[in-house]
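Summary of structural features
Take a look at the letters that make up each chain.
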Amino acid sequence: MKRARNCEKIELLIEKSRFIAENFSVKNPAEVKERLKEQKIRYADATHVCHAFFCGPNRETAGCSDDREPSGTAGRPMLEVLKGSGITDILVTVVRYFGGTKLGTGGLVRAYSGAVKELLARLETEEAVDKEIIGMEMSYGDYEKVRQFAEKQKAALLSEQFAETVLMTVEVASAEADRFRSSVSEMTAARIRFSGD
């Protein structure tokens, strides 16, 4: 399973109709609903705002909408393209400004699925791994070895603050979080304080 690392936006002109495809990172149907509301406000003058999404570690939640296009010509083709990508926690919207020329059902399917294919081709993806954020407070004496250990463990450094003590925040895979904490605790002789302790 993969997640998109970036959000993109592309625009296509097909038979005088403007199609704008965008992707968003979403964790659940409530976030999908919120994003769609924003898109419908942002593109209030558009003819259609169609969408497709997948959420969950195993893409167990999915949905799509033709938004008044003929049934099965927009949302379903978009969902099929998304399905083939292996990406989860993603919402794709395709906004259409009608240009006066009817595309027919086949033309609509090609336009909507083509817009999603082109959008996905621009995305960078990463393995979908649940992450945990770990905050740590330490002495200046322990800082360097903790930083080097975090680097070696491929923990993403989110922030560092230097005051009387050093505050460091890292992000690690949830499956590695307990092991990371106990290793850091061991190497600092339990002098380190984790946020929430």
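Structure: above.
Since the model is a prediction, treat every value here as computed from it, not as a measurement.

1. Observations regarding the layout of surface pockets
Each pocket or cavity is described by its volume, and for the largest pocket that value is around 230 Å³. Forming the boundary of the largest pocket are 17 residues, of which Arg-3, Ala-4, Ser-25, Lys-27 and Glu-126 lie nearest the centre. Only strand S1 (2-4), strand S3 (17-25) and strand S7 (125-127) provide two or more residues apiece to the lining of the largest pocket. If one sorts the elements of the lining of the largest pocket by residue count, S3 sits on top with 3 residues.

2. Here we look at unusual backbone geometry
Its identity as a non-glycine residue notwithstanding, Lys-154 has a phi of 60 degrees, on the positive side. A relative accessible area of 74% places Lys-154 in the exposed class.

3. Considering helix H5 (residues 177-187)
All of the buried residues in H5 are Ala-177, Phe-180 and Val-184. End-on, the buried residues of H5 take up no more than an arc of 60 degrees, which puts them together on one face. Along H5, the residues that are exposed and aim more than 90 degrees away from the buried face are Asp-178 and Glu-186. Buried residues along H5 sit against strand S8 (131-138), helix H4 (140-152), strand S10 (166-173) and strand S11 (193-194). Phi turns positive one or two residues past the end of H5, at Ala-189, with a value near 55 degrees.

4. Brief notes about the pairing of S8
With 8 bridges joining them, S8 and S10 adopt antiparallel strand pairing. From the neighbouring strand, Ile-133 faces S10, where its bridge partner is Glu-171. As paired strands, S8 and S11 are joined by 2 bridges and run antiparallel to one another. Bridge pairing in S11 places Glu-137 opposite Arg-193.

5. Describing helix H3 (residues 104-121)
For H3, spanning 18 residues, the distance from its first C-alpha to its last is 26 Å, which sits close to the expected 26 Å at 1.5 Å a residue. The complete set of buried residues in H3 reads Gly-107, Leu-108, Ala-111, Tyr-112, Ser-113, Ala-115, Val-116, Leu-119 and Leu-120. Here the buried face of H3 lies against strand S2 (9-14), S3, strand S4 (48-55), helix H2 (75-85) and strand S6 (90-97).

6. Quick look at the sheet that holds S4
A sheet is described by the order of its strands in space; here 5 strands give the open sequence S2-S3-S6-S4-S5, paired in antiparallel fashion. This sheet does not close on itself; its edge strands, each paired only once, are S2 and strand S5 (61-65). Averaged over all pairs of adjacent strands, the angle between their axes in this sheet comes to 15 degrees, without regard to strand direction. Here S4 pairs with S6 via 7 bridges, running antiparallel. Its bridge partner lying in S6, Phe-54 is registered against Ile-90. The sheet strands contacting H2 are S4, S5 and S6, and the helix crosses S4 at an angle near 35 degrees. Where H3 meets the sheet, its contacts fall on S2, S3, S4 and S6, and the angle it forms with S6 comes to roughly 130 degrees.

7. Regarding the pairing of S5
Looking at chain direction, S4 and S5 are connected through 5 bridges and run antiparallel. Paired with Phe-54 across the two strands is Ala-62, which belongs to S5.

8. Points about the packing of aromatic side chains
Applying the stated rule across the entire model yields 4 aromatic pairs. Here Tyr-143 and Phe-162 contribute two aromatic rings whose centre-to-centre distance is 5.3 Å and whose plane-to-plane angle is 80 degrees, an arrangement assigned as edge-to-face. With Tyr-143 in helix H4 and Phe-162 in strand S9 (residues 156-162), the pair connects residues that are 19 residues apart, well separated along the chain. Owing to a relative accessible area of 13%, Tyr-143 belongs among the buried residues under this scheme. The partly exposed category is assigned to Phe-162, whose relative accessible area is 47%.

Cut-offs used in this document
Residues numbered from 1 in each chain as written. Predicted model: local features only at pLDDT ≥ 70, side-chain atom pairs only at ≥ 80, totals over all residues. Heavy atoms only, no water. 1 Å grid on protein atoms, 1.4 Å probe; cavity = no way out; pocket = protein on both sides within 12 Å on 5 of 7 lines; lining within 4 Å. Points joined across faces, edges and corners; volume = space filled by probe spheres on them. Helix = DSSP H or I, 4+ residues; strand = E, 2+ residues; numbered from the N terminus. Buried < 20%, exposed > 50% of the residue type's maximum accessible area, 1.4 Å probe, protein only. Arc of directions from axis to C-beta. Contact = heavy atoms within 4.5 Å. Pairing = 2+ DSSP bridges. Expected span 1.5 Å × (residues − 1). Axes fitted to C-alpha atoms, helices over the stretch in contact; angles between N-to-C directions. Phe/Tyr/Trp six-rings, centres within 6.5 Å; stacked < 30°, edge-to-face > 60°.

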